[in-house]
Structure formats: structure tokens, C-alpha cells
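Reading the structure
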2 protein chains.
Amino acid sequence: MESTIRSRRSVHGYVDEPLSTETIEEIFEVARFAPSSYNLQPWEYLVLREEAAKTRLQECAYGQEHVTDAAATVVVLGNLDPAAHADRVFDDWLRKEYLPEESVRDELVEMARNWRDRPTETNRIWTTKSAALGAMALMYAAWDRGIASCPMGGFDADAVREEFGTDGYEPVMLVTLGYPDEDCADLSNDRKFRRPVEEIVHFGSFDP
Amino acid sequence: MESTIRSRRSVHGYVDEPLSTETIEEIFEVARFAPSSYNLQPWEYLVLREEAAKTRLQECAYGQEHVTDAAATVVVLGNLDPAAHADRVFDDWLRKEYLPEESVRDELVEMARNWRDRPTETNRIWTTKSAALGAMALMYAAWDRGIASCPMGGFDADAVREEFGTDGYEPVMLVTLGYPDEDCADLSNDRKFRRPVEEIVHFGSFDP
């Protein structure tokens, strides 16, 4: 795992080799185990492999080439309805004895339903957190199989929503997936720097 | 890696064993390799181990017991200034030939600086994405060493900001860290369900 985290790089250059449905499903079979807020799993993944679909997405992403160069580009969506899966999730908690009794299950479902009335900004941030956790798991699960990825935040979310009919969902991130071109600059260039531990970790008090 | 993703569970029960500074730094030495928007790495990690500090945090987190039961609780912070590290990041890109020439480097720095003028909501979501990617890497890097974690979204962000002086940073998530109590319900109960691949993955078009 450690080597997967350390070795993963954001790759823009891919070889012309498709990703089978089976391979993609294997990756998500792992990625679906990411944690999420109250295990509510507000994530949906729109996987585009056809040229025409990738081109439509590319137009929403300021023409970035790797959107179509990659075998697949995934639109990571966050459900803006926090209670979409609340019944199933808390029934499961009750059945597996994470909860002492049914009344607690009912309170949790009620809590998630009440979250529907929070400000839109709150729910956008809420779903973004869980969807990003899922996206990170997705990229590691892919890299573990030799499939490179590149997360992209630069796209027109409104255009994605309109083009792909994702009303009610926050387009959180695009993630390209494909077998890397071993000669591409992203793999041959020196690795981009990361801020050192002593700068990002603050023990006991915050002193940035 | 796959087994780390599959086996990681959110753990609330910890044994009474401290986490050394060295161990924590080793975890972050891995986690810092997470990707982020334009590699701008807007993450900061406030690591609390002293009882008094964890108790102050617990009061901001509705009294949740694992905040103090864990050996360490980490406040994952997202910098609300997108350009905080822009000069260093794009100098690095130029030096390592990710960019063709200095003018492109300058344009990128300018872009990040212009992002300061985006609506607060946009920058909150922007920093949340990268900080959540970092938090996921952190939890996997920890679990790889047998250190359990639990991400928490339920806390009073304003109280955290006031108590720990994190103005200018979005408190994105709390993450408890510690050696798990092998007898705790989180490890002995059946694993919580995850939505199946055929439900969360949409090939070609979005049809939730």
C-alpha cells in the first residue's frame, strides 16, 4: 500500500489500449470500500469510454487532451441528497448490532432526512468530502493494477450537469484512467515536489 | 494496497498505547504524496495527543468519545488561499520541465492568485477536495502500519476555528488514529454494507 501511495503519479499520457468492463468493475469492487460520512456512500461514477461521450466531456473540461486520450474518464458525482441511502445504511447498522435498538436507527434516518434542509453550500461540501475519499480509493485501486489516473478539478460543472443530466448531484472531480505511456513526461520527469512533513504536520497547536 | 483498502474499517475502540512522534511522521511521510489540485497541497494537519488538547477538540465534536480515546486525533485543515504555495509549486514544474517556459509558470501563479477572488463557497469546496484526498491517503498509510482510524465529519467547524486558531483554513475532517482494540465491535461485528458496483457505476450515461 505504502508503495502504491508513494509511486502513484498523475498521468496525462496513455497508450491506446482499452479498459474492459470487467477491469473497471474490478477496480470499483475495491474502491467501493472507501469510508464516507455515516457510511451514506453518496457517490456515483459515470464512466465514459466511447469517443463521442469523452469528446462531449472534453468540451466541458476546457478541451483538456487527456480526457479523450485516456481509455476511460470517470465523472465522480456526489449525491446532494444526504438521505438517499439512509434507510438501507441504518437498517444495516441495526441488523449488524452497531446500534442498540430500532429507535436509534429511526433517529439516524431522521437526522439524514433533516440534512436535506441544510443550506446548499453545506450539502455540497458534505458530499464533496465523501466523494473525494471515494475518488482517492479509486485511483489507488487502479494504480495497484498498473492503471494510471489523473484527477481533474478544472471543468465547468454546470456544463457537465447539463450535458450528462446529473441534476441533484455535485460533479466533484473527473478522473482519467488508462494504461500509462511509459515514455510520457509524467513518468520520466523528476517527481513533482511535495511539501515536507515538518511543514504540514503541527503537533499540539496550529502555527502555519 | 487492495487488501488495505478492503480491510480498513472505521474504528472507535483503541488500546491505551501512545503513538510516537516518529510513527506519526512516518505516516505523513507517505500521506504527503496524495494528489491535489495543481499539486497546490492546501493541506495542514493539526495532530493532538495531549489529553487536554483532545478534550478541547472533543467539546467541538459533540462529546464523541473516540476523540479522546484515540492516541491522536488529527484536524485535517484545508487552506482557503489557493495561491499559498503557488510560487514553489510552479517553480518546481518549470525546473522539472513540466512547463515549456517561464511565462507559463507566471500564468499559473497568476491563475492561482486570481482564485483568491472566487466566492468563498468555491474556495471551500476547492480546498475540501484536495484535503479529503490527503485524508484518505493518511488513513491508508496508517492502516498499512496496523494503526486504525476513524474519519469524522460531525463537529462544529466554527468552534474548532475559534478554539485552535485556524482562521483562513477550512476544518475539513477529524481523523482519529490509534492501535485498535481487537475486541471492539467495529472489528468483530460484520462489516457494514457497501453499495454494489452495478449500482454505483454507470457506463456511458447517467441513470441513477
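So, a few notes on the structure that sits alongside this text. (Residues numbered from 1 in each chain as written. Chains lettered and ligands numbered in written order. Predicted model: local features only at pLDDT ≥ 70, side-chain atom pairs only at ≥ 80, totals over all residues. Heavy atoms only, no water.)

Remarks on the sheet that holds strand β4 (residues 169–178) of chain A
Consider a sheet: its strands pair through backbone hydrogen bonds, and that pairing is either parallel or antiparallel. Taken together, 5 strands build an open sheet; the order of strands is β3(A)-β4(A)-β2(A)-β1(A)-β5(B) and the sheet is mixed. Two strands bound the open sheet, and with one partner strand each, they are β3 (148–152) of chain A together with β5 (201–203) of chain B. Between one strand and the next, the sheet's axes are offset by a mean angle of 25°, whatever the strand orientation. Looking at chain direction, strand β1 (residues 43–48) of chain A and strand β2 (residues 72–79) of chain A are connected through 6 bridges and run antiparallel. Note on β2(A): the bridge partner recorded for Tyr45(A) is Val76(A). Seen against the sheet, helix α2 (residues 21–31) of chain A touches β1 and β2 of chain A together with β5 of chain B and runs at an angle of roughly 160° to β5(B). With respect to the sheet, helix α7 (residues 120–143) of chain A is in contact with β1, β2, β3 and β4 of chain A, its orientation differing from that of β4(A) by roughly 10°. (Pairing = 2+ DSSP bridges. Helix = DSSP H or I, 4+ residues; strand = E, 2+ residues; numbered from the N terminus. Axes fitted to C-alpha atoms, helices over the stretch in contact; angles between N-to-C directions. Contact = heavy atoms within 4.5 Å.)

Some words on the interface of chain B and chain A
Chain B puts 79 residues into the contact, and the matching count from chain A is 79 residues. Counting the surface lost from both chain B and chain A, the interface buries some 7700 Å², and carbon and sulfur atoms represent 62% of this. Counting the contacts that link chain B with chain A gives 6 salt bridges. Where Glu121(B) meets Arg124(A), a salt bridge forms, and the shortest distance between an N and an O atom there is 2.8 Å. The interface formed by chain B and chain A contains 50 residue pairs in polar contact (both at pLDDT 80 or more). At the level of secondary structure, the elements contributing two or more residues to the side of chain B that touches chain A comprise α1 (2–7), α2 (21–31), β1 (43–48), α5 (86–95), α7 (120–143), β4 (169–178), α10 (197–200) and β5 of chain B. Looking at the side of chain B that touches chain A, the element that brings in the most residues is α7(B), giving 13 residues. Its residues assigned to classes, the side of chain B that touches chain A shows 40 nonpolar, 13 polar and 26 charged. The pairing of strand β5 (residues 201–203) of chain A with β1(B) spans 3 bridges and is classified as parallel. Each bridged residue has a counterpart across the sheet, and for Phe203(A) the counterpart in β1(B) is Val47(B). (Buried area = accessible area lost by both parts, 1.4 Å probe. Salt bridge = Lys/Arg side-chain N within 4 Å of Asp/Glu carboxyl O. Polar contact = N/O pair within 3.5 Å; in protein donor to acceptor, adjacent residues only side chain to side chain. Nonpolar A, V, L, I, M, F, W, Y, C, P; charged D, E, K, R; others polar.)

Side note on the pairing of β1(A)
Burial analysis of β1(A) places 6 of its 6 residues in the buried class, the great majority of the element. Neither face of β1(A) is exposed, since Trp43(A), Tyr45(A) and Val47(A) on one face and Glu44(A), Leu46(A) and Leu48(A) on the opposite face are all buried. (Buried < 20%, exposed > 50% of the residue type's maximum accessible area, 1.4 Å probe, protein only.)

A word on the relation of the copies chain B and chain A
Aligned on chain A, chain B shows an RMSD of 0.0 Å; the corresponding rotation is 180° and the shift along the axis is 0.0 Å. Interpreted geometrically, this transformation is the action of a two-fold axis. Looking at the rotation axis and the C-alpha trace of chain B, the residue lying nearest is Met1(B), at 1.9 Å. The residues that chain B uses at the interface reappear at the interface of chain A in 100% of cases, marking a shared surface. (Least-squares fit on C-alpha atoms with pLDDT ≥ 70 in both.)

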